[in-house]
Number of protein chains: 2
Amino acid sequence: MHGLMQDWPLLCHRIIDHAAKVHGKREVVTRSVEGPIHRTNYADIRRRALKVAQRLDREGIKLGDRVATIAWNTWRHLETWYGIMGIGAVCHTVNPRLFPDQIAWIINHAQDRIVMIDITFISILEKIAGKLPSVERYIVLTDSAHMPPTTLKNAIAYEDWIAEADGDFAWTMFDENTAAAMCYTSGTTGDPKGVVYSHRSNVLHAMIANSGDALGAASKDTLLPVVPLFHANSWGIAFSAPAMGTRLVMPGARLDGASVYELLSTEKVTVTAGVPTVWLMLLQHMEKNNLKLPDLKVLNCGGSAMPRSTIKAFDDMGVEVRHAWGMTEMSPLGTVGALQGEFSHLQGDARLDRLQMQGFAPFMVEMKITDDAGKELPWDGKTPGRLKVRGPAISGAYYRIKDDILDAQGFFDTGDVATIDDQGYMRITDRSKDVIKSGGEWISSIDLENLAVGHPKVAEAAVIGVPHPKWGERPLLILQLREAESVTREEILGFMDGKIAGWWMPDDVAIVDSIPHTATGKILKTALREQFKDYKLPSAAA
Amino acid sequence: MHGLMQDWPLLCHRIIDHAAKVHGKREVVTRSVEGPIHRTNYADIRRRALKVAQRLDREGIKLGDRVATIAWNTWRHLETWYGIMGIGAVCHTVNPRLFPDQIAWIINHAQDRIVMIDITFISILEKIAGKLPSVERYIVLTDSAHMPPTTLKNAIAYEDWIAEADGDFAWTMFDENTAAAMCYTSGTTGDPKGVVYSHRSNVLHAMIANSGDALGAASKDTLLPVVPLFHANSWGIAFSAPAMGTRLVMPGARLDGASVYELLSTEKVTVTAGVPTVWLMLLQHMEKNNLKLPDLKVLNCGGSAMPRSTIKAFDDMGVEVRHAWGMTEMSPLGTVGALQGEFSHLQGDARLDRLQMQGFAPFMVEMKITDDAGKELPWDGKTPGRLKVRGPAISGAYYRIKDDILDAQGFFDTGDVATIDDQGYMRITDRSKDVIKSGGEWISSIDLENLAVGHPKVAEAAVIGVPHPKWGERPLLILQLREAESVTREEILGFMDGKIAGWWMPDDVAIVDSIPHTATGKILKTALREQFKDYKLPSAAA
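Remember, it's a predicted structure, so these values are computed and weren't measured experimentally.

A.B. asks: What is the right way to look at the overall build of chain A in this model?
C.D. replies: Looking only at helices and strands, one finds 16 helices and 24 strands in chain A. Relative to the 2.2 N^0.38 estimate, which gives 24 Å for 542 residues, the radius of gyration of chain A is 24 Å and therefore close to what a compact globule would have. Judged by the C-alpha coordinates and their principal axes, chain A covers about 80 × 65 × 55 Å. Within the span of chain A, comprising 542 residues, buried residues form 61% of the whole. In chain A, 66% of the contacts between residues at least 6 apart in sequence involve partners at least 24 apart. For chain A, the accessible area works out to roughly 20000 Å², and carbon and sulfur atoms hold 51% of it. Taking the 58 positively charged and 66 negatively charged side chains of chain A as two groups, their mean positions are separated by 2 Å.

A.B. asks: What's the story with the packing of helix H10 (residues 276-289) of chain A against helix H11 (residues 308-316) of chain A in this structure? I'm lost.
C.D. replies: The angle between the axes and the distance between the axes are what describe a pair of packed helices. Residues and elements named next belong to chain A. Interaxial distance between H10 and H11 falls to 10 Å at its minimum, and their mutual angle equals 55°. Comparing the axis directions of H10 and H11 gives the class oblique. Seen along the crossing, H10 lies across H11 with a hand that is left-handed. Facing H10, whose interface residues are Trp279, Leu280, Leu282 and Leu283, H11 presents Thr310, Ala313 and Phe314.

A.B. asks: Just to check I follow, could you spell out the relation of the copies chain A and chain B for this structure?
C.D. replies: Superposing the two chain copies requires a rotation about an axis and a translation along that axis. Relative to chain B, chain A is turned by 180° and slid 0.0 Å along the rotation axis, the superposed coordinates differing by an RMSD of 0.1 Å. Taken together, the rotation angle and the small translation identify this as a two-fold axis. Minimal C-alpha distance to the rotation axis in chain A is attained by Ser211(A), lying at 2.2 Å. With an isologous cut-off of 70% or more, the 100% of interface residues of chain A that recur at the interface of chain B puts this contact in the isologous class.

A.B. asks: So what exactly am I meant to see when it comes to the nonpolar core here?
C.D. replies: Nonpolar side chains in soluble globular proteins tend to end up buried together. Counting residues in each nonpolar core, the largest one holds 301 residues, and the members touching the most others are Leu56(A), Trp279(A), Leu56(B), Leu125(B) and Trp279(B). Residues in contact with Leu125(B), not counting those within four places in the same chain, are Ile70(B), Ile103(B), Ile107(B), Ile117(B), Leu132(B), Tyr138(B) and Leu152(B).

A.B. asks: What am I meant to see in the side chain of Asn233(A) here?
C.D. replies: Residue and element names in this part refer to chain A. Considering the arrangement of structural elements, one finds Asn233 in the loop between strand E10 (222-225) and helix H8 (237-244). Engagement of the side chain of Asn233 in a polar contact is seen with the side chain of Asn202, the distance being 3.1 Å. Not counting residues up to four positions away in its chain, the partners in contact with Asn233 are Trp81, Cys183, Tyr197, Asn202, Phe239 and Ser331.

A.B. asks: Would you explain helix H12 (residues 348-356) of chain B in this entry?
C.D. replies: Side chains of residues three or four places apart in an α-helix project in the same direction, reflecting 3.6 residues per turn. Residue and element names in this part refer to chain B. Within H12, the full set of buried residues consists of Arg351, Leu352, Arg354 and Leu355. Within H12, the buried residues cover an arc of 160° as seen down the axis, which keeps them to one side. Where H12 is buried, its residues contact helix H11 (308-316) and strand E14 (320-326).

A.B. asks: What exactly am I supposed to notice about the pattern of salt bridges here?
C.D. replies: Side chains carrying opposite charge are able to pair once their charged atoms draw close together. Residue and element names in this part refer to chain A. The tally for this structure, following the rule as stated, stands at 90 salt bridges over all chains. A salt bridge links Glu136 to Arg113; its shortest N-O distance comes to 2.7 Å. With a gap of 23 residues between them, Glu136 in the loop between helix H5 (122-128) and strand E6 (137-140) and Arg113 in the loop between helix H4 (100-110) and strand E5 (114-117) connect regions that are remote in the sequence. Close ionic contact of Asp416 with Arg431 constitutes a salt bridge, the shortest N to O distance being 3.1 Å. Linking Asp416 in strand E18 (residues 412-420) with Arg431 in strand E19 (residues 426-431), this pair joins segments that are 15 residues apart in sequence. Looking at Asp416, the relative accessible area reads 8%, which means it is buried. In the salt-bridge network here, residues are joined through shared partners; they are Glu34, Arg48, Arg76, Glu79 and Glu159.

A.B. asks: What should I look at first to understand the environment of Thr429(B) in this one?
C.D. replies: Residues and elements named next belong to chain B. Assignment of secondary structure puts Thr429 in strand E19 (residues 426-431). Given the relative accessible area of 6%, Thr429 is considered buried. Residue contacts for Thr429: discarding those within four places in its chain leaves Pro384, Val417, Ala418, Thr419, Ser444, Ile446 and Asp447.

A.B. asks: I tried to follow the interface of chain A and chain B on my own but got confused; where do I start?
C.D. replies: A common measure of how large an interface is: the accessible area buried when the components associate. Contacts between the two partners involve 75 residues from chain A and, on the opposite side, 75 residues from chain B. Approximately 6000 Å² of surface area, both sides summed, lies buried where chain A meets chain B, with 60% of it carried by carbon and sulfur atoms. Taken together, the connections running from chain A to chain B amount to 10 salt bridges. Its salt-bridge partner being Lys21(A), residue Glu376(B) comes within 3.6 Å of it at the nearest N-O pair. Where chain A packs against chain B, one counts 36 residue pairs in polar contact (both at pLDDT 80 or more).

A.B. asks: I would appreciate a short explanation of the sheet that holds strand E15 (residues 333-336) of chain A in the present structure.
C.D. replies: Neighbouring strands of a sheet are bound in pairs by backbone hydrogen bonds; such pairs are parallel or else antiparallel. All names here are of chain A. The sheet built from eight strands is open, its strands ordered E2-E1-E11-E10-E12-E13-E14-E15 with mixed pairing. Whereas interior strands pair on both sides, the edge strands pair on one side only; in this sheet they are strand E2 (37-41) and E15. With direction set aside, neighbouring strand axes in the sheet form an average angle of 20°. Sitting on the sheet, helix H2 (residues 42-58) touches strand E1 (27-31), E2 and strand E11 (247-250), and the angle it makes with E2 is about 85°.

A.B. asks: What am I meant to see in the packing of helix H9 (residues 257-266) of chain B against helix H10 (residues 276-289) of chain B here?
C.D. replies: All names here are of chain B. Packing of H9 against H10 leaves a shortest axis separation of 8 Å and a crossing angle of 80°. One way to sum up the angle between H9 and H10 is to call them roughly perpendicular. Of H10, the residues touching H9 (which contributes Gly257, Ala258, Val260, Tyr261 and Leu264) are Trp279, Met281, Leu282, His285 and Met286. Partitioned by chemical class, the residues of the contact of H9 with H10 number eight nonpolar, two polar and no charged.

A.B. asks: Explain the packing of aromatic side chains to me, please; I cannot follow it from the model alone.
C.D. replies: Aromatic rings in a pair are described by how distant their centres are and how their planes are angled relative to each other. Residues and elements named next belong to chain A. Enumeration according to the criterion identifies 24 aromatic pairs over all chains in this entry. Between Trp105 and Tyr184, the aromatic rings sit 6.4 Å apart at their centres with planes inclined by 85°, giving edge-to-face as the arrangement. Here Trp105 is found in helix H4, whereas its partner Tyr184 is found in strand E8 (residues 179-185), with 79 residues between them in sequence. According to the relative accessible area criterion, Tyr184 is buried, its value standing at 9%. Three or more aromatic residues joined by ring pairs form one cluster here, namely Trp72, Phe121 and Phe230.

A.B. asks: What is the right way to look at the sheet that holds strand E8 (residues 179-185) of chain B in this model?
C.D. replies: Here we have seven strands laid out as an open sheet, ordered E7-E6-E5-E3-E4-E8-E9 (chain B), and mixed in their pairing. Among the strands making up the open sheet, the edge pair consists of strand E7 (156-157) and strand E9 (193-198) of chain B.

A.B. asks: I keep staring at the state of the cysteines and nothing clicks. Help me out?
C.D. replies: When the sulfur atoms of two cysteines share a covalent bond, that bond is a disulfide. Residues and elements named next belong to chain B. Summed over the entire model, instances satisfying the criterion amount to zero disulfides over all chains. Not part of a disulfide, Cys183 finds its nearest cysteine sulfur in Cys91, a span of 9.7 Å. Taking relative accessible area as the criterion, Cys183 reaches 4% and is therefore assigned buried. Of all cysteine sulfurs in the structure, the one in Cys183 sits closest to Cys301, which takes part in no disulfide; the separation is 19 Å. Taking relative accessible area as the criterion, Cys301 reaches 0% and is therefore assigned buried.

A.B. asks: It is not clear to me how the environment of Gly440(A) should be interpreted in this structure. Could you clarify?
C.D. replies: Relative to the elements of secondary structure, Gly440(A) occurs in the loop between strand E20 (436-438) and strand E21 (441-443). Taking the C-alpha atoms as reference points, Gly440(A) and Tyr158(A), separated by 282 residues in sequence, lie 58 Å from one another.

About the cut-offs
Residues numbered from 1 in each chain as written. Chains lettered and ligands numbered in written order. Predicted model: local features only at pLDDT ≥ 70, side-chain atom pairs only at ≥ 80, totals over all residues. Heavy atoms only, no water. Helix = DSSP H or I, 4+ residues; strand = E, 2+ residues; numbered from the N terminus. Rg over C-alpha atoms; globule rule 2.2 N^0.38 Å. Buried < 20%, exposed > 50% of the residue type's maximum accessible area, 1.4 Å probe, protein only. Contact = heavy atoms within 4.5 Å. Areas by Shrake-Rupley, 256 points an atom, 1.4 Å probe, with all protein chains shown as cover. Lys, Arg positive; Asp, Glu negative; His and termini not counted. Charge placed at Lys NZ, Arg CZ, Asp CG, Glu CD. Axes fitted to C-alpha atoms, helices over the stretch in contact; angles between N-to-C directions. Parallel < 35°, antiparallel > 145°, perpendicular 65-115°, else oblique. Left-handed = near helix turned anticlockwise from the far one by under 90°. Least-squares fit on C-alpha atoms with pLDDT ≥ 70 in both. Core = buried A, V, L, I, M, F, W, Y, C linked by side-chain atoms within 4.5 Å. Polar contact = N/O pair within 3.5 Å; in protein donor to acceptor, adjacent residues only side chain to side chain. Arc of directions from axis to C-beta. Salt bridge = Lys/Arg side-chain N within 4 Å of Asp/Glu carboxyl O. Buried area = accessible area lost by both parts, 1.4 Å probe. Pairing = 2+ DSSP bridges. Nonpolar A, V, L, I, M, F, W, Y, C, P; charged D, E, K, R; others polar. Phe/Tyr/Trp six-rings, centres within 6.5 Å; stacked < 30°, edge-to-face > 60°. Disulfide = S-S within 2.5 Å.

Below is the structure:
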């Protein structure tokens, strides 16, 4: 027996329809790439997104065709998202911070037919355009006055391009499982992998993001997403904000502390979202100039762990810090660290301990932690395990890769190692490929690194496991020192002594000139493992 | 091209699984029907709901079979919902306030096989049980110590019944469009009509209810639903609260002002939901005893229009009043009157004007207003039209009724007449069958009634349209006076003069001993129309 409710497929363009109808005058403010502040609203964004759809249709773009965007957070970028998805094409957001060769690889893998691009990134694309046979045309996200000369094929200014459409056009209707968008993850090993979101997953994720414990924005709020639209599905904000009618402030290309502060302050932003680096820059700018943000209520922070001192600084200002965790494969929200009732009155270190955790899963994200054999481990806040997730906005496969990426119960392995406590709060302790397995127990490389960088002479720290005849693996601490500093093994290990369990203590310390990183700023441990592959621990030689 | 996200059907039992796992210790507090306060939590509710599922399975209940509940808001009632739905059976909530004949009619129409019943309602059911051939067994929601003697067939105390199960049982998995629950609407004409919710619609509705602008509860909140589980799908709270991990306080059978106040106060409730009558009783109790509710933040009010004075009283206390509108066919949320940013700083009459409106539609509820011919009318805050709705948690058909109830665009006619302004705020002005059509324009019977009851001698007022040779219809004002009062036509019309447009003024006034009502307390205008069917307006005689 079926229910007798209406058949109403979950389609992304229904979100902008809702925003235009119910919250049509709500502002979308952008610091434009060209410079000035630009103001529009949801009704106009929908009107122009329909023109994008109409123009794409005229270019011959069909259901399932891929259209790339390489752009900052602006109103035009938002319009292209809804325009592309609204005819059932797939919006492929390309991260301009990748190496040019990686950009070429993913555009070719996705077989993008059209590329929408900010003026900022034209020079990058011009260098690789010859290697992109699938691309028929480049739409430059500016007007004719700001259109630079370019060798990009069939390039046209966006404003001229959509001016050719009258907007008398209707969204296409299709199954809610139709692909809406794609985003490639760039791991530290192997080729990038394409995550393909569906209309259903994007709509459900918007509902998750708008629940009271997630991003924390309602229709009376103003939300500034520092997190770029090209990063992990923009944390879903391109969908959740219009679904809620939240006023949006888009920072464009300028993400430094002063620029972000200026927008937060002048536009009276109440909720924001971004990575720890941005908040650290903001904080330094505010402290240096003795500035305040009286309107800011909620600061969402994800992408990597937020330092305790940064959390404390915002918490002391009365800003609710929500430490989040997720990944491109999760649309991306996995957990958010809103304080449940039991913890909302905590003070001091107990409060910071809780805020520093990655938070709990909202409904529609199922989590479990397991050992290497897949056996479930207890939620006791102590036992670390491989973190696996299941839900309607979580990847079930990668684009054009046949491998089955789910376990027998349908869970996806996040590659993270975490503990979860009996209130559902999760804490990331490591990446599973980086955890050090010593005598059957796991040692967190992240915890050791965080401890070591606390030493005043240390600029950056990395811990890798190296083979050991008795324990299997033991930790090696690799340090990059601050300029003109030197340090002894004993000095560093003495600093760490007493702050960790004795058997976690690194067996040795190595000093390097420079710790290698990926294009997106992560420590490249594969390179370190290669570099230290013949390293013999003093303890192993004995 | 399809998205590559996981296949994760939206099933109601996933909600209680989430609550048990992430918010397992969060309390569910009940004023039990037997008297004492009872405390449990989401983990235990899930554990016992699995026993309900296991016992139903043993009784031979299969996918699609109907199981009725006739019960107050208690932890046991919540357990039965998840237990019934968790094996794909259909939870049919019966409103005990209906006339016994209506109860018998809907149980027979639904062909319920088992009835779960509170001790309070045994005597009602004993009187009609002989006319209910489909019912095989009655489960009385109490323990053996409180089990009364009863003639109900195969009656057993709930606690004894589930004690026969060991709980080693798993939920059934099925398509998300499977029927989960049903609820009959009792209009003023014709037979009751069965609304059938699906698992998908209930889950999506829970997400709507948990968005920041809807019910306003997060995991740190305590929510007291005064609205009964048997009324309009409990406003979705049986799903939204566990999905969010919100602490629940269930009021059981005692809904008077003193009892509701006591629970709100002692359990430090932050969010509540119910009909205006309840809030009026609460207010009277608080004023009489000079009481306060410092923890209460949000009061959701729906079911009928909340009087301006009641709104003002709570608003003055600093409680955020959210005036909501919906209907059983909408799961039931249609609009909620949270204040958007533009209105949040309003004061005085302008603030009350806004709070008195029924609010705006959340994403997933589409609204339009049309004339009688179906032509869309403008959202100008002035033009009234038939209010029609579309969405995934809105009825597309009634149970075992073949009629097509949607228009060509798939919208359901709510039967209400409303205006909508350019910010999406909706105001109900009438029921479409009650609106008076005078010379092609519509006069709101509700507005006239609200005005007339403001006269100190008037106890209740009803306005109906009566035939008029020139205007088609003109309003007749029918009054029931306060005890021992009398009033002249001129006195009443003089009181109304200047407060409405001249052409809205009723053509005549009639005094009756008593205005008739339905079982659920609505004015029975069909009976008044019958009573006044030969009435000649003085203006028509001229």
